[in-house]
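Chain by chain, the residues:
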Amino acid sequence: MEIILSNSSSKPIYEQIILQLKQMIMNGELKPNDPLPSMRKLAKDLHVSIITTQRVYDELAKEGFITVVPAKGAYVAMQNQEFIKEENFRRIEQMLEDICMLAKQNGIGKDELEQTLAYIYEEK
């Protein structure tokens, strides 16, 4: 499991870790019931504080991505396909918001943007 942190990112460290772990879970790199490193080990490996890794695990557990078993560790939760689809759709909406803002800033109209999206969608 490789997590890459950037000090130049506008996102806080804990958020970078959360996003990358979610990505690994949603794309199947981390499977249900896979164990995650202990908070101490993850903190040591990433050179962050244990408080940071605790916040990461707390957030992921709250959102249903992992299950934390006291004195046993953290494990990837059994994922429901509808939950994964909803989470991915939320990410797509955020990306589309960013694209729309960039298009408006550069004078690209809705029709041109829709044509570009249709072309890219059909190509992939």
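Every value quoted in this text rests on a predicted model; they were computed, and no experiment measured them.

A look at helix H1 (residues 13-26)
- For H1, which comprises 14 residues, the first-to-last C-alpha distance of 20 Å matches the rise-based estimate of 20 Å (1.5 Å per residue) to within 8%.
- All of the buried residues in H1 are Tyr14, Gln16, Ile17, Ile18, Leu21, Lys22, Met24, Ile25 and Met26.
- Directly beyond the C-terminal end of H1, a positive phi value near 85° is found at glycine 28.

Describing the nonpolar core
- Of all hydrophobic cores here, the largest spans 22 residues; its most connected members are Leu21, Val56, Tyr57 and Ile66.
- Sorting the residues of this core by element identifies H1, helix H2 (39-46), helix H3 (50-62) and strand E2 (73-76) as the ones contributing at least two each.
- What isoleucine 66 contacts, discounting residues up to four positions off in sequence, is Ile25, Leu36, Tyr57, Leu60, Ala61, Ala74, Tyr75, Val76 and Ala77.

Let's talk about the packing of aromatic side chains
- In this structure the tally under the stated criterion is 0 aromatic pairs.
- Residue placement shows arginine 55 over the ring face of tyrosine 14; its charged tip is 3.7 Å from the ring centre.

Side note on the packing of H1 against H3
- It is the contact of H1 with H3, at a shortest axis distance of 9 Å, that shows an interaxial angle of 45°. What the angle tells us is that H1 and H3 run oblique. The crossing of H1 and H3 is right-handed. Seen from H1, the contacting residues are Ile13, Tyr14, Ile17, Ile18, Leu21 and Lys22; seen from H3, they are Thr52, Arg55, Val56, Tyr57, Glu59 and Leu60.
- Considered class by class, the residues forming the contact of H1 with H3 number 8 nonpolar, 1 polar and 3 charged.

Focus: the pattern of salt bridges
- Applying the stated criterion to the full structure yields 4 salt bridges.
- The closest approach of N and O atoms between lysine 62 and glutamate 59, which form a salt bridge, is 3.5 Å. One end of the pair is lysine 62 and the other is glutamate 59, both in helix H3 and 3 residues apart, which spans about a single turn.
- Accessibility expressed as a relative area gives 23% for glutamate 59, which makes it partly exposed.

So, the side chain of threonine 53
- Residue placement: threonine 53 occurs in helix H3.
- At 3.1 Å, the side chain of threonine 53 forms a polar contact with the backbone oxygen of methionine 39.
- Contacts of threonine 53, omitting those with residues within four sequence positions, involve Met39, Leu42, Ala43 and Val48.

Digging into the environment of lysine 22
- Positionally, lysine 22 belongs in helix H1.
- Take lysine 22: its relative accessible area is 8%, and that puts it in the buried class.
- It is 7.1 Å that separates the C-alpha atoms of lysine 22 and phenylalanine 65, two residues lying 43 residues apart in sequence.
- With residues near it in sequence (within four places) discarded, lysine 22 still touches Leu60, Glu63, Phe65, Glu87 and Arg90.
- At 2.5 Å, the side chain of lysine 22 and the side chain of glutamate 63 are in polar contact.

Rules and cut-offs
- Residues numbered from 1 in each chain as written.
- Predicted model: local features only at pLDDT ≥ 70, side-chain atom pairs only at ≥ 80, totals over all residues.
- Heavy atoms only, no water.
- Helix = DSSP H or I, 4+ residues; strand = E, 2+ residues; numbered from the N terminus.
- Expected span 1.5 Å × (residues − 1).
- Buried < 20%, exposed > 50% of the residue type's maximum accessible area, 1.4 Å probe, protein only.
- Core = buried A, V, L, I, M, F, W, Y, C linked by side-chain atoms within 4.5 Å.
- Contact = heavy atoms within 4.5 Å.
- Phe/Tyr/Trp six-rings, centres within 6.5 Å; stacked < 30°, edge-to-face > 60°.
- Lys NZ or Arg CZ within 6 Å of the ring centre and 35° of its normal.
- Axes fitted to C-alpha atoms, helices over the stretch in contact; angles between N-to-C directions.
- Parallel < 35°, antiparallel > 145°, perpendicular 65-115°, else oblique.
- Left-handed = near helix turned anticlockwise from the far one by under 90°.
- Nonpolar A, V, L, I, M, F, W, Y, C, P; charged D, E, K, R; others polar.
- Salt bridge = Lys/Arg side-chain N within 4 Å of Asp/Glu carboxyl O.
- Polar contact = N/O pair within 3.5 Å; in protein donor to acceptor, adjacent residues only side chain to side chain.

Remember, this is a structural readout, not a statement about activity or role.
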